[in-house]
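Residues per chain, in single letters:
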Amino acid sequence: AFWTALSMRLYDILVTRLLQHYYISMVGAVKLSRDVEALRSVAMLAGTDHQHWDMLRELLTVYMTPPNALKTILVGPEGDPNSGKGLFGQAGKVQALVFMSRRIDYRIKINNVLQKSIWVVELLEDLGVPDPTDGAVNIALYSAQSLRNRRLKLN
């Protein structure tokens, strides 16, 4: 239990810092993915429950995917946001969209004002979902324990 708790705490620190302080480019996503894989490998040396690292690896794909292919990653090949497929089904709609909002190209500066990129507005409209980052984001929803609880509810 100690090693699993340590793994979860390390995950929580990484995800909290990521969501609060960083914007990720495609090149940065590749580096971040390697770092996450290294942390996951260390965590796997002891303990038994490390599925939170697997989910993070899946969520990182939103940073490596070009905007025109994000819909498939988020909702699956059918394009249905309620299908339970894609990252919406695995991680949850809000969680997947909040991770996506940390893309460096999510917002652009126009006349010294940050606005959502055109592709973001079109994607959200196409999916029929609001942007969860328009309001306050509860970082606690992204903890390893929250992911574990969500997984237990689904099973």
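Remember, it's a predicted structure, so these values are computed and weren't measured experimentally.

K.L.:
Explanation requested: empty space enclosed by the protein in the structure shown.
P.N.:
One way to see where empty space is left: roll a probe the size of a water molecule over the atoms. Applying the stated criterion across every chain yields a total of one cavity of 30 Å³ or more. Looking at the largest cavity, its volume works out to about 30 Å³. In terms of lining residues, the largest cavity is bounded by Tyr11, Leu59, Ala91, Gln95, Phe99, Tyr142 and Leu147. Of the residues belonging to the lining of the largest cavity, the class tally is six nonpolar, one polar and no charged.

K.L.:
Which parts of the structure should I look at to understand the nonpolar core?
P.N.:
Side chains that are nonpolar tend, in soluble globular proteins, to be buried together. One finds Leu56, Val62, Tyr63, Leu74, Phe88, Phe99 and Met100 to be the most contacted residues of the largest nonpolar core, which totals 39 residues. What valine 62 contacts, discounting residues up to four positions off in sequence, is Leu70, Ile73, Leu74, Leu87, Phe99, Met100 and Arg103.

K.L.:
It is not clear to me how the packing of helix H2 (residues 26-43) against helix H3 (residues 51-59) should be interpreted in this structure. Could you clarify?
P.N.:
A pair of packed helices can be characterised by two numbers: the angle between their axes and the separation between those axes. Closest axis-to-axis distance for the H2/H3 pair is 10 Å, and the angle between their directions is 170 degrees. Judged by the inter-axis angle, H2 sits roughly antiparallel to H3. Between H2, through Val36, Glu37, Leu39, Arg40 and Ala43, and H3, the contact on the second element is made entirely by Trp53, Asp54, Leu56 and Arg57. For the contact of H2 with H3, the per-class residue count stands at five nonpolar, no polar and four charged.

About the thresholds
Just so you know, the residues in each chain are numbered from 1, in the order the chain's sequence is written. Owing to the predicted nature of the model, reporting of local features is limited to residues with pLDDT of at least 70; listing and counting of side-chain atom pairs is limited to 80 or more, with chain, interface and lining totals taken over all residues. No hydrogens and no water enter the side-chain calculation; it runs on all heavy atoms of the structure. Grid points spaced at 1 Å over the protein atoms alone were grouped into cavities, where a 1.4 Å probe fits but cannot get out, and pockets, open sets with protein on both sides within 12 Å along at least five of seven lines, with lining residues defined by an atom within 4 Å of a point. Grid points are joined across faces, edges and corners, and a volume is the space filled by probe spheres set on the points. Three classes are used: nonpolar for Ala, Val, Leu, Ile, Met, Phe, Trp, Tyr, Cys and Pro, charged for Asp, Glu, Lys and Arg, and polar for all others, with Gly counted as polar. In this text, buried Ala, Val, Leu, Ile, Met, Phe, Trp, Tyr and Cys residues form a nonpolar core when linked through side-chain atoms within 4.5 Å. In this scheme, a residue with accessible area under 20% of its type's maximum is buried, one over 50% is exposed, and one in between is partly exposed, where area comes from a 1.4 Å probe on protein chains only. We call two residues in contact when some of their heavy atoms are within 4.5 Å. All axes here are fitted lines through C-alpha atoms, helices being fitted over the stretch that makes contact, and every angle between N-to-C directions spans 0 to 180 degrees. Helix numbering and strand numbering both begin at the N terminus, where a helix is a DSSP run of H or I of at least 4 residues and a strand a DSSP run of E of at least 2. Reported orientations rely on four angle classes, namely roughly parallel under 35 degrees, roughly antiparallel over 145, roughly perpendicular from 65 to 115, and oblique for the rest.

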